[in-house]
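Residues per chain are reported as follows:
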Amino acid sequence: MENNYCIIMAGGIGSRFWPFSRNSRPKQFLDFFGTGRSLLQMTFDRFSKFVPAQNILIVSNVIYKDLILEQLPEISANQVLLEPCRRNTAPCIAYAVHRIKSQTDKANIIVSPSDHLILKEDEFGSVIRKGLDFIEKNDCLLTLGIKPSRPETGYGYIQVADGKGSLRKVMTFTEKPDLELAKVFLKSGEFFWNSGMFLWNLQTIDAAFEKLLPEMHQKFSQGQDFYNTDKEQEFINDAFPSCHNISIDYGVMEKADNVYVLTADFGWSDLGTWGSLYDLSDKDDNKNVTLKCNAQYYNSKENVVTLEPGKLAVIDGLEGYIVAESNNVLLICKKENEQHIRQFVTDAQVKFKDEYI
């Protein structure tokens, strides 16, 4: 395990979960299911089975440093890599890869968002072990593909090459298709959901950055003498804002010719929306979901309701709604319109500044 490293990306603001998720405490720091562990803590727990705690790096915005260290006392402050601004996943990963490179010349690296839910932990463990074994022996970029269960339009898709087994060459990536195309993907059996989790060895991903994002690679390489010193943050504060805002998918994975997918079904969910939370939660006889609070329903069905703990919601005559209260904001919105929530947040910020954000 000493050669295994993990990069956990924890810098998002989770605006689609407003008002539950706020700038001061985004969704990765929240305990959605009353387990006593936040999504970030659950992610750390999951990967600490394969990676020594000292080899787990958390990449996040500088404003969340104290919150991360509060939630993860198992790590040191040096393991929290602080972005001075948001620049998408490619610069985030490039920074972490160069930090690892400053410590060792041999590493097997797992990359994961901090806000995913895994329901079948044992199956997930088997997949990760298989993936680590593959990337240790092969100069390939590996992504985890999830067998789709429905024509989902909110996920990216990976098309695999002909063949048998769970390890396949990637043919194409497709970002969030419309419903008709998603139905075609599901029926074909050739497409898998893009989980956003990756595995690769240090040499392979470093070479990929050098070839496909050379300016970004050069920028972080210039700081090689500063990593793991008291000058690292100053260098990052200067270099990071000038990085191109681009995802690892667009910048590397879709351009590389050595990309493979490990297909699996381990109860994965990108917990990105109220709808996804509703789908995963226990429901009453009328398919209502109640989280954290108490609720009484009358002539109501297919709602998701969450208030502050100890509060009671009385719901009469609602069908298919989100009712969410957190601190000083109450949201009442049809589930089918949840794509508008980001606009609600923007409008509230324009009108009220940061009071409700």
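Now for a quick tour of the structure.

About the criteria used
Residues numbered from 1 in each chain as written. Predicted model: local features only at pLDDT ≥ 70, side-chain atom pairs only at ≥ 80, totals over all residues. Heavy atoms only, no water. Helix = DSSP H or I, 4+ residues; strand = E, 2+ residues; numbered from the N terminus. Rg over C-alpha atoms; globule rule 2.2 N^0.38 Å. Buried < 20%, exposed > 50% of the residue type's maximum accessible area, 1.4 Å probe, protein only. Contact = heavy atoms within 4.5 Å. Areas by Shrake-Rupley, 256 points an atom, 1.4 Å probe, with all protein chains shown as cover. Lys, Arg positive; Asp, Glu negative; His and termini not counted. Charge placed at Lys NZ, Arg CZ, Asp CG, Glu CD. 1 Å grid on protein atoms, 1.4 Å probe; cavity = no way out; pocket = protein on both sides within 12 Å on 5 of 7 lines; lining within 4 Å. Points joined across faces, edges and corners; volume = space filled by probe spheres on them. Nonpolar A, V, L, I, M, F, W, Y, C, P; charged D, E, K, R; others polar. Pairing = 2+ DSSP bridges. Axes fitted to C-alpha atoms, helices over the stretch in contact; angles between N-to-C directions.

1. Regarding the overall build of the protein
- Along the protein, the regular secondary structure elements total eleven helices and 17 strands.
- Over its C-alpha atoms the protein spans a radius of gyration of 21 Å, differing by no more than 12% from the 21 Å that the globule rule assigns to 357 residues.
- Across the 357 residues that make up the protein, the buried fraction comes to 54%.
- Across the protein, contacts joining residues at least 24 apart in sequence account for 66% of those joining residues at least 6 apart.
- A total of about 16,400 Å² of accessible surface is found on the protein, and carbon and sulfur atoms cover 47% of it.
- Looking at charge distribution, the protein has the averaged site of its 39 positive side-chain charges lying 2 Å from that of its 48 negative ones.

2. Re the layout of surface pockets
- The calculated volume of the largest pocket comes to roughly 1,700 Å³.
- Residue lining of the largest pocket: 50 residues in total, with Arg16, Asp115, Lys176, Asp270 and Arg342 positioned closest to the centre.
- Where the lining of the largest pocket is concerned, the elements lending two or more residues are helix 3 (89-101), strand 9 (191-201), helix 9 (248-253), strand 11 (268-270) and helix 10 (274-280).
- Residue contributions to the lining of the largest pocket peak at four residues, all from strand 9.
- By residue class, the composition of the lining of the largest pocket is eleven nonpolar, 22 polar and 17 charged.
- Taken as a whole, the second largest pocket holds about 230 Å³ of empty space.
- As for the second largest pocket, its lining consists of 15 residues, and the residues nearest its centre are Ser149, Arg150, Trp193, Gly267 and Trp268.
- Contributions of two or more residues to the lining of the second largest pocket are made by strand 11 and helix 10.
- The dominant element in the lining of the second largest pocket, judged by the number of residues it contributes, is helix 10, at three residues.
- Grouping the amino acids of the lining of the second largest pocket by side-chain chemistry returns seven nonpolar, four polar and four charged.

3. Comments concerning the side chain of Gln71
- Residue placement: Gln71 occurs in helix 2 (residues 65-71).
- If we skip the residues at most four places from it in the chain, Gln71 touches Arg25, Gln28, Phe29, Ser38, Leu40 and Gln41.

4. Let's talk about the sheet that holds strand 17 (residues 329-334)
- The strand order 12-14-16-17 describes an open sheet built from four strands, whose pairing is mixed. Every interior strand has two partners, whereas the edge strands, strand 12 (289-291) and strand 17, have only one. For this sheet the average axis-to-axis angle between neighbouring strands, irrespective of direction, equals 10°.
- Here strand 14 (residues 304-306) runs beside strand 16 (residues 321-326); their pairing, made up of three bridges, is parallel. The residue of strand 16 that forms the bridge with Thr306 is Ala324.

5. Considerations on the environment of Val51
- Position of Val51 relative to the elements: it lies in the loop between helix 1 (39-47) and strand 2 (56-61).
- For the pair Val51 and Lys301, spaced 250 residues apart in sequence, the C-alpha to C-alpha distance is 44 Å.
- Every residue in contact with Val51, bar those within four places of it in the chain, is listed here: Met1, Asn4, Tyr5, Cys6, Ile56 and Ile110.

Structural measurements only, silent on function.
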